[in-house]
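Spelled out from the first residue to the last, the chains are:
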Amino acid sequence: MTDPAAAPVAAPVAALRAELRDRIARVFIGPDRIVDHLLVALIAPGHVLLEGVPGVAKTTLAKAFSATTGCVFRRIQFTPDMLPADITGSYILNLRDQQFVLRKGPVFANVVLGDEINRAPAKTQSALLEAMQEGQVTIEGETLRLPDPFLVLATQNPLEQEGVYPLPEAQVDRFLMKLIIDYPDVAGEERMLATYDHAPAPVERVLDPEAIIALRGQAEAIHVSAEILRYIVGLARSTRDHDAVRLGASPRASLSLMRAAKAQALLDGRAFVLPDDVRHLARPVLAHRLVLTPEAELDGVTPQQVVEHALGGVRYVGPADGVR
Ligand SMILES: Nc1ncnc2c1ncn2[C@@H]1O[C@H](COP(=O)(O)OP(=O)(O)OP(=O)(O)O)[C@@H](O)[C@H]1O
Ligand SMILES: [Mg+2]
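On a predicted model such as this, the values are computed, not experimentally measured, just so you know.

Participant: Now, about the domain arrangement of the chain: what can you tell me, with residues and values included?
Facilitator: Split into domains, the chain comes out as domain 1 (1-82 + 108-221) and domain 2 (222-324). For domain 1 versus domain 2, the separation of C-alpha centres amounts to 21 Å. With 29 residues of domain 1 in contact, the opposing surface of domain 2 contributes 26 residues. Residue assignment for the side of domain 1 that touches domain 2 shows that the elements contributing at least two residues are α1 (6-25), α2 (32-43), α6 (169-172), β9 (175-180) and α8 (209-220). When residues of the side of domain 1 that touches domain 2 are assigned to their parent elements, the largest contribution, 6 residues, is made by α1. Tallied by class, the residues present in the side of domain 1 that touches domain 2 amount to 19 nonpolar, 4 polar and 6 charged.

Okay, here's the thing in structure tokens:
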């Protein structure tokens, strides 16, 4: 720890992370890494896609995390018959005075759980995805700002299933990261059966909107050296040059990786980004944005492998502690 600026933020942020892990562990059995990544996204800031097969507690996790934020929370259960206005809202006629009044949709919240997002048709998905990108929605020509903070946690099942609408490639780029929710390990699953025969107590808040905005401000002030920036750009470019890739990581992706790395540094109580922060977040931040060539897909190449390849091939050149 070379920078005295790290000292004042370190203790409260470390305590916050520990508390958050503890609260969520009461309802979700899984690696701490998942909870940490959610916290990174909240601070970076950016939206999160949670992917996993049915019944691995995607919804449970997203609801628990939302509860810890102390923010206004809404859940949108996506269905095939859903319309964009079901997300954003619409004007309805008030019969008493014959005036049209705006009824805001569920997207007007701080934390929005878009559950099973790939069960809704493209137009409806894009209503949410546009809101995510713009921080605002347009209803009948009127533009309305969304509250701050605004965080979307969307869940989806892997795409091979029937009756789902894959998110368009251009739109998954709007998620800061995709987290794969896997099966719990044997011990974890046994513990779940032993402890979850009764409904767990509601998850308590750890944060509030002001605290989240303050954390975001602290993360912005984290130092990123020129060498770290070069490393991030090198990784992004490496995915673009890979033979198996049709569409590599966009500049938005490199920006996302930098923001996420800053949030990670803050959580670890550092005032500067380390190359390890970048390595640690490269998979969840980059992999979901890569589109492979059809041949590579047939050969069983995965986007994760492409990111691994980038991590293996691109060298960080600079001081080991990332500070300059
Ligand atoms: N890792 C886990 N830790 C705690 N509970 C779990 C875990 N995995 C599954 N469960 C339990 O399994 C049930 C299903 O969870 P949940 O509905 O959140 O899954 P899901 O991934 O959202 O499923 P779907 O894709 O069908 O919506 C819940 O009762 C949840 O508590
Ligand atoms: Mg679910």
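Participant: Requested: an account of unusual backbone geometry, with residues and values cited.
Facilitator: Backbone torsion omega between Ala 44 and Pro 45 reads -10 degrees, so that peptide bond is classified as cis. Residues Asp 148 and Pro 149 are joined by a peptide bond in cis, for which omega reads -5 degrees. A positive phi angle, near 55 degrees, is found at Glu 116, a position not held by glycine. Among the secondary structure elements, Glu 116 is positioned in the loop between β5 (111-115) and α5 (122-134).

Participant: I'd like to hear about the pairing of β5, residue by residue, with values.
Facilitator: Strand residues, when the strand is regular, have side chains that alternate between the two faces of the sheet. Judged by how many residues are buried, β5 sits mostly within the fold: 5 of 5 residues are covered. Every second residue of β5 is oriented toward a common face, with Val 111, Leu 113 and Asp 115 on one face and Val 112 and Gly 114 on the other, all of them buried. Across 5 bridges, the pairing between strand β2 (residues 73-77) and β5 is parallel. By the bridge assignment, Ile 76 is partnered in β5 with Gly 114. Bridging between β5 and strand β8 (residues 151-156) involves 4 bridges; their strand directions are parallel. Note on β8: the bridge partner recorded for Gly 114 is Ala 154.

What counts and how
Residues numbered from 1 in each chain as written. Chains lettered and ligands numbered in written order. Predicted model: local features only at pLDDT ≥ 70, side-chain atom pairs only at ≥ 80, totals over all residues. Domains from an automatic or database assignment. Contact = placed C-beta atoms within 7 Å. Helix = DSSP H or I, 4+ residues; strand = E, 2+ residues; numbered from the N terminus. Nonpolar A, V, L, I, M, F, W, Y, C, P; charged D, E, K, R; others polar. Buried ≥ 20, exposed ≤ 12 C-beta atoms within 10 Å, placed from the backbone. Pairing = 2+ DSSP bridges.

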